[in-house]
Amino acid sequence: MLTVGIDVGGTSVRAGVVDARGAVLDTTRAPTPPGAEALEDAIVHAVEELAGRHDVAAVGLAVAGFVTADRRSVRFAPHLAWRGVPVADRVSARLGLPAVLEHDANAAALAEYRFGAARGAHVAVLVALGTGIGGALLVDGRVFRGAHGVAPELGHLRLVPDGRACACGKRGCWERYCSGTALAATAVELLAEYPGSSTVLGREAAGDPGAVTGRRVAGAARDGDPLAQRAVADLARWLGEGLALVADVYDPEVVVIGGGVSASAPLFLDDARQHYASVVTGAGHRPLARIRTAQLGDDAGIVGAAAMAHDLAVDVVRNGRPAR
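Residues numbered from 1 in each chain as written. Predicted model: local features only at pLDDT ≥ 70, side-chain atom pairs only at ≥ 80, totals over all residues. Heavy atoms only, no water.

A. Seen up close, the overall build of the protein chain. Regarding its fold elements, the protein chain presents nine helices and 13 strands. Over its C-alpha trace the protein chain gives a radius of gyration of 20 Å, about what one expects of a compact globule, namely 20 Å for 324 residues. If one aligns the C-alpha atoms of the protein chain with their principal axes, the spans along those axes are about 65 × 50 × 35 Å. Considering the protein chain as a whole, with its 324 residues, one finds that 53% of them fall into the buried category. Put simply, 63% of the contacts in the protein chain that link residues at least 6 apart link residues at least 24 apart. (Helix = DSSP H or I, 4+ residues; strand = E, 2+ residues; numbered from the N terminus. Rg over C-alpha atoms; globule rule 2.2 N^0.38 Å. Buried < 20%, exposed > 50% of the residue type's maximum accessible area, 1.4 Å probe, protein only. Contact = heavy atoms within 4.5 Å.)

B. Broad picture of the sheet that holds strand E4 (residues 56–63). The five strands lie next to each other as E3-E2-E1-E4-E8, forming an open sheet whose pairing is mixed. Looking at which strands have only one partner, the edges of the open sheet turn out to be strand E3 (24–31) and strand E8 (99–103). Put simply, the sheet's adjacent strands are angled 20° from each other on average, direction ignored. Where strand E2 (residues 12–18) lies against E3, seven bridges are found, and the strand directions are antiparallel. In the sheet register, Ala15 faces E3, and the bridge partner there is Thr28. Set on the sheet, helix H2 (residues 87–95) makes contact with E4 and E8; between it and E8 the angle comes to about 150°. In the packing of helix H3 (residues 104–115) onto the sheet, contacts are made with E4 and E8, and the angle to E8 comes to roughly 100°. (Pairing = 2+ DSSP bridges. Axes fitted to C-alpha atoms, helices over the stretch in contact; angles between N-to-C directions.)

C. Structural view of the sheet that holds strand E6 (residues 74–76). Taking strand neighbours across the sheet as the criterion, the three strands line up as E5-E6-E7 in an open arrangement whose pairing is antiparallel. In the strand order of this sheet, the two ends are held by strand E5 (66–67) and strand E7 (83–85), each with one partner. Relative to E7, E6 runs antiparallel, the two sharing two bridges. Pairing of Val74 across the sheet is with Val85, part of E7.

D. Region of the structure containing the pairing of strand E1 (residues 2–8). Of all seven residues in E1, six are buried, a share of seventy percent or more. Relative to E2, E1 is paired through six bridges, and the arrangement is antiparallel. The residue of E2 that forms the bridge with Thr3 is Val18.

E. Inspection of the domain arrangement of the protein chain at higher detail. Entries for the protein chain in the domain assignment read domain 1 (2–109 + 298–319) and domain 2 (119–294). Between domain 1 and domain 2, the C-alpha centre-to-centre distance is 28 Å. Taking both partners together, domain 1 and domain 2 bury about 1,000 Å²; carbon and sulfur atoms supply 60% of that area. Considering only the surface of domain 1 that becomes buried against domain 2, Phe66, Asn106 and Ala109 emerge as the three largest contributors, covering 45% of it. Where domain 1 touches domain 2, the interface holds one salt bridge. The shortest N-O distance in the salt bridge between Glu102 and Arg145 comes to 2.6 Å. (Domains from an automatic or database assignment. Buried area = accessible area lost by both parts, 1.4 Å probe. Salt bridge = Lys/Arg side-chain N within 4 Å of Asp/Glu carboxyl O.)

F. Spatial organisation of the environment of Leu39. Looking at where Leu39 falls in the secondary structure, it is placed in helix H1 (residues 36–51). Residue Leu39 is classed as buried on the basis of its relative accessible area, which comes to 1%. Separated by 272 residues in sequence, Leu39 and Asp311 place their C-alpha atoms 25 Å apart. When neighbours within four sequence positions are excluded, Leu39 is seen to be in contact with Val8, Val13, Thr32, Pro33, Leu80 and Trp82.

G. Here's a closer look at the pattern of salt bridges. According to the stated counting rule, one finds 15 salt bridges in the structure shown. One salt bridge connects Arg14 with Asp7, and the closest N-O pair in it is separated by 3.8 Å. Each member of the pair, Arg14 as well as Asp7, carries the same accessibility label: buried. Among the salt bridges present, the one from Glu189 reaches Arg164, with a minimum N-O distance of 3.0 Å. With Glu189 in helix H4 (residues 180–193) and Arg164 in the loop between strand E11 (142–143) and H4, this pair connects stretches of sequence that are 25 residues apart. Residue class for Arg164 comes out buried when judged on its relative accessible area of 12%. Through salt bridges with shared partners, a single network forms among Asp7, Arg14 and Asp299.

H. A look at empty space enclosed by the protein. Counted under the stated rule, the structure contains one cavity of 30 Å³ or more. Empty space within the largest cavity amounts to approximately 40 Å³. For the lining of the largest cavity, the secondary-structure elements that each account for two or more residues are H3 and strand E9 (123–129). The element contributing the most residues to the lining of the largest cavity is E9, with three residues. Partitioned by chemical class, the residues of the lining of the largest cavity number seven nonpolar, no polar and one charged. (1 Å grid on protein atoms, 1.4 Å probe; cavity = no way out; pocket = protein on both sides within 12 Å on 5 of 7 lines; lining within 4 Å. Points joined across faces, edges and corners; volume = space filled by probe spheres on them. Nonpolar A, V, L, I, M, F, W, Y, C, P; charged D, E, K, R; others polar.)

I. Representation of unusual backbone geometry within the structure. The residue Arg71 is not glycine, and still its phi comes out positive at about 65°. With respect to the secondary-structure elements, Arg71 resides in the loop between E5 and E6. In this structure, Asp140 takes a positive phi of about 50° despite not being glycine. Positionally, Asp140 belongs in the loop between strand E10 (133–139) and E11.

Next comes the structure, spelled out in structure tokens:
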């Protein structure tokens, strides 16, 4: 049985045909349009394109936003046009296929549990480091969504009282100190502290302040830039601090570090592990979570959404209707 998984992001709509083993067989991509109707058109067009080449049984959508607990509607998505929209029902009606929604971090976590770094873990947490921080919790392979479908918002745990302002309205959120955006912000603060820095990053920033991006800071750190390395060390410390807090609450067996920043994990993950081990409650007297990098990369959202679509299709075959 083949299904379509769609990663609906603020920049692009990425769709793939996935088999029951988690292999992506075919893909298509389109820019994310600004309006709700145009976005649904783009999704339908992507599925129709893939369905023209493959016999697909269901559709799963991984969305960067709040999804209702029944996985039918999007409550709110900061970078998409949907507000309280029954997206799954609309897409299903237009395509004549069963459809299901999921938060993108939950979808990625499910993919890593079934096919990747969290395979078989009793309690697993995904921490996706990108522009912000996405989080997901799996217990025996089941996604924990909370009472209203919006848990866990790990990126907005407050680590620093009265710290950096966050777009969520609070200050000191974890993602403001540990993300691609945070890495750039830390580097900018260090450049202000050491004006006229002769480092490569300092010279680039003097010519173009916009050059200080998380990706550029990580690259400079790899090349030995001391200021960039200090910024990365700061990210490692805050990653360890946040992971200790997550461990205190969830006591996971495995923590999977995903997202775009995870590509630079060799720069910071060992230091983060050490800091986590030193500050977690009961340090030295409790088992520690295994902290691993994600294995499925950019395909995790597609694979996880397709896996949920596969489960939905099986329910339809067995019961004649989706299980809720």
